[in-house]
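One-letter residues, chain by chain:
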Amino acid sequence: MTVDIFEVNRIVEKYRKKKGALIPLLQEIQSVYGYVPKEAIEVISRELSVYPVEIYGILTFYTQFYLTPRGKHTIKVCQGTACHVMGGKEILEYMADKLGIAEGGTTEDGMFSLERVACLGCCGMAPVVMIDEDFHGRCTVQKLQGLIDSYRDEKAK
Ligand code: FES
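As the structure is a computational prediction, the values presented were derived from the model and not from experiment. (Residues numbered from 1 in each chain as written. Predicted model: local features only at pLDDT ≥ 70, side-chain atom pairs only at ≥ 80, totals over all residues. Heavy atoms only, no water.)

1. Some words on the side chain of Glu28
To be explicit about the condition: Under the DSSP-based scheme used, a helix requires at least four consecutive residues in state H or I and a strand at least two consecutive residues in state E, with every element numbered from the N terminus. Two residues form a contact once any of their heavy atoms are found within 4.5 Å.
With respect to the helices and strands, Glu28 occurs in helix α2 (residues 22–33). Beyond its immediate sequence surroundings of up to four residues, Glu28 is in contact with Arg10, Ile11, Lys14 and Tyr15.

2. Brief notes about the sheet that holds strand β3 (residues 129–131)
Spelled out, the test is: DSSP-based pairing: two strands are paired if at least 2 bridges between them are found. Note on definitions: angles span 0 to 180 degrees between N-to-C directions of axes, and those axes are lines fitted to C-alpha atoms, for helices only across the stretch in contact.
The mixed open sheet is built from 4 strands, whose spatial order is β2-β1-β3-β4. Two strands lie at the open edges of the sheet, namely β2 (112–117) and β4 (134–136), each paired on one side alone. Each neighbouring strand pair of the sheet contributes to a mean axis angle of 20°, computed without reference to strand direction. Those strands touched by helix α6 (residues 88–99) are β1 (73–78), β2 and β3, and its axis lies near 150° from that of β1.

3. Thoughts on unusual backbone geometry
Inclusion rule: Only protein chains enter the accessibility calculation, which uses a 1.4 Å probe. A residue is then buried if its area is under 20% of the maximum for its type, exposed if over 50%, and partly exposed in between.
The amide bond that connects Ala126 to the next residue, Pro127, takes the cis arrangement and shows omega of -5°. Secondary-structure assignment places Pro127 in the loop between β2 and β3. At Ser49, a position not held by glycine, the phi torsion is positive, near 55°. Within the fold, Ser49 resides in the loop between α3 (38–48) and α4 (52–61). Judged by its relative accessible area of 68%, Ser49 falls in the exposed class. With a phi angle near 45°, Arg138 is a residue other than glycine that sits in the positive phi range. Following the sequence through the fold, Arg138 ends up in the loop between β4 and α7 (141–156).

4. Brief notes about the environment of Ile131
Among the structural elements, Ile131 can be located in strand β3. You can call Ile131 buried: its relative accessible area is 0%. Ile131 has contacts with His73, Thr74, Ile75, His136, Leu147, Ile148 and Tyr151, leaving out every residue within four places of it along the chain.

Next comes the structure, spelled out in structure tokens:
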């Protein structure tokens, strides 16, 4: 898949004269594309005279950045202490199995991305799963099965 780099050029121009702006620049690129395409890294490197290894260093250090396209829905399974005690590990294994992807992966249909996260800040509802901006507490495999199916049904409509 080729990436239209028009927006990359616009964003690079915006940050060209700002010192130490590499992280906000990358954040803005990700907000447009949903990840940071390798084509964008090439443009940044060339236009701002930054070594690609430096850019990749930032992208791999900060967990907020993605190097591959993300799914339409992001599922975050909490693995903090409270959620772990309440079965978070089993929830994550179930989700990986149901979606057929490893954590960090995206389903082939581009519908879901699966992530492991530390505490989501609502431990009293453990185990917790977040889908996009919605929190789902006291999760069970049965509850999640219905939930994921409802997202899939939404696609079928
Ligand atoms: S440990 Fe899961 S929400 Fe805090």
